[in-house]
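Below are the chains, spelled out letter by letter.
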Amino acid sequence: MNNKLNLRITMIKKSMLLLAFIAMLTNGLGQESSQREFGRIFIAGGLNVTSVNNNNNIDNTFGMNLALGREVSDELVVGLLVTYVEYYEVSIIFGDQIDPTPNKIEQFGFGIFARQKFTITDKLDFVSQVSVRKIQEGGDSGLNINILPVLNYQVTNTLGIDVNFGGLVYQNNSDTEVSTYLFDLDLQNVNVGVNFTF
């Protein structure tokens, strides 16, 4: 039980660090926004923390992503994307007793992305985001292609909030030559992020 609590505390600490970074970035861009007009540079960051009880295992995920791009039109942004994901698979031995040595997998990704915006209201947009990443997971490498549905709420001209709930995923492992296709619109696996345009 203590190990399960420690895993959750670790995830919360990492989440707080990311939120603190976002708060500092928001403050800095807020000060700059009063000195410049609406521009063409796009910065976005996202966070995903999940814990799912799967039969005799507890599957925990902690993920972060950072995107830097440029608007090529009022509706389209293209740029670079960096991702980091940790997977914890913890086994339940007897009831609440948990294996003290959880299996942890780390995945790093780097690639390109494009965001196409479709306006719903003055503040709310539907965004179709496509990304192609080279990923490294343990000793294996591969290619990942995502098509994600995103709802973007524009708080100000420079600050927006993204909510994503799954999508279409293709992943190919170049070492094992195994390809995986996944279509997932899971409302229990929601990613929340912020974006800045200046």
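Definitions and limits used
- Residues numbered from 1 in each chain as written.
- Predicted model: local features only at pLDDT ≥ 70, side-chain atom pairs only at ≥ 80, totals over all residues.
- Heavy atoms only, no water.
- Helix = DSSP H or I, 4+ residues; strand = E, 2+ residues; numbered from the N terminus.
- Buried < 20%, exposed > 50% of the residue type's maximum accessible area, 1.4 Å probe, protein only.
- Contact = heavy atoms within 4.5 Å.
- Areas by Shrake-Rupley, 256 points an atom, 1.4 Å probe, with all protein chains shown as cover.
- Pairing = 2+ DSSP bridges.
- Salt bridge = Lys/Arg side-chain N within 4 Å of Asp/Glu carboxyl O.
- Phe/Tyr/Trp six-rings, centres within 6.5 Å; stacked < 30°, edge-to-face > 60°.
- Patch = residues over 30% accessible without salt bridge, like charges linked within 9 Å, V, L, I, M, F, W, Y side chains within 5 Å.
- 1 Å grid on protein atoms, 1.4 Å probe; cavity = no way out; pocket = protein on both sides within 12 Å on 5 of 7 lines; lining within 4 Å.
- Points joined across faces, edges and corners; volume = space filled by probe spheres on them.
- Nonpolar A, V, L, I, M, F, W, Y, C, P; charged D, E, K, R; others polar.
- Core = buried A, V, L, I, M, F, W, Y, C linked by side-chain atoms within 4.5 Å.

## Observations concerning the overall build of the protein
So, step 1. In terms of helices and strands, the protein carries one helix and 10 strands.
So, step 2. Seen in sequence order, the protein has helices and strands lined up from the N terminus as α-β-β-β-β-β-β-β-β-β-β.
So, step 3. Across the 198 residues of the protein, 34% fall into the buried class.
So, step 4. Put simply, 55% of the contacts in the protein that link residues at least 6 apart link residues at least 24 apart.
So, step 5. Surface summary for the protein: the accessible area is close to 11,900 Å², and the carbon and sulfur share equals 60%.

## Thoughts on the pairing of strand β10 (residues 191-197)
So, step 1. Counting buried positions along β10 gives five out of seven residues, so the element sits mostly inside the fold.
So, step 2. By the bridge criterion, six bridges tie strand β7 (residues 159-164) to β10 in an arrangement that is antiparallel. Considered in β10, the bridge of Asn164 is made with Asn191.

## Some points on the pattern of salt bridges
So, step 1. A full pass over the atoms with the stated rule returns one salt bridge.
So, step 2. The shortest N-O distance in the salt bridge between Arg115 and Asp162 comes to 2.8 Å. Here Asp162 lies in strand β7 and Arg115 lies in strand β4 (residues 103-119), a separation of 47 residues in the sequence. Across the pair, exposure class does not vary: Arg115 and Asp162 are buried alike.

## Digging into the packing of aromatic side chains
So, step 1. Inspection of the entire model under this criterion finds four aromatic pairs.
So, step 2. Taking the centre distance of 5.1 Å and the plane angle of 45 degrees together, the rings of Tyr84 and Phe108 count as tilted. With Tyr84 in strand β3 (residues 76-91) and Phe108 in strand β4, the pair connects residues that are 24 residues apart, well separated along the chain.
So, step 3. The class of Tyr84 is buried, set by a relative accessible area of 15%.
So, step 4. Geometrically, the ring pair formed by Phe118 and Phe126 is tilted, given 6.3 Å between the ring centres and 35 degrees between the ring planes.
So, step 5. Since its relative accessible area comes to 44%, Phe118 is described here as partly exposed.

## Some thoughts on a nonpolar patch on the surface
So, step 1. On the surface, a nonpolar cluster with roughly 760 Å² of combined accessible area is contributed by Phe118, Ile120, Phe126, Leu151, Tyr153, Val155, Ile161, Val163, Val190 and Val192.
So, step 2. Elements with a minimum of two residues in the nonpolar patch: β6 (140-154) and β7.
So, step 3. As for its placement among the helices and strands, Val190 is situated in the loop between β9 (178-184) and β10.

## Describing the layout of surface pockets
So, step 1. If you add up the space inside the largest pocket, you get close to 1,300 Å³.
So, step 2. Taken together, the residues of the lining of the largest pocket break down into 18 nonpolar, 26 polar and six charged.

## With respect to the nonpolar core
So, step 1. Counting residues in each nonpolar core, the largest one holds six residues, listed as Phe42, Ala44, Ala67, Val77, Leu81 and Phe113.
So, step 2. Those elements giving two or more residues to this core turn out to be β1 (41-54) and β3.
So, step 3. When sequence neighbours within four positions are dropped, the list of residues in contact with Phe113 reads Phe42, Ala67, Leu68, Gly69, Val77, Val78, Gly79, Leu80, Leu81, Val130 and Ser131.
So, step 4. Listed in part, the five residues of the second largest apolar core include Ile43, Val194, Phe196 and Phe198.

As far as function goes, none of this settles anything; it's purely spatial.
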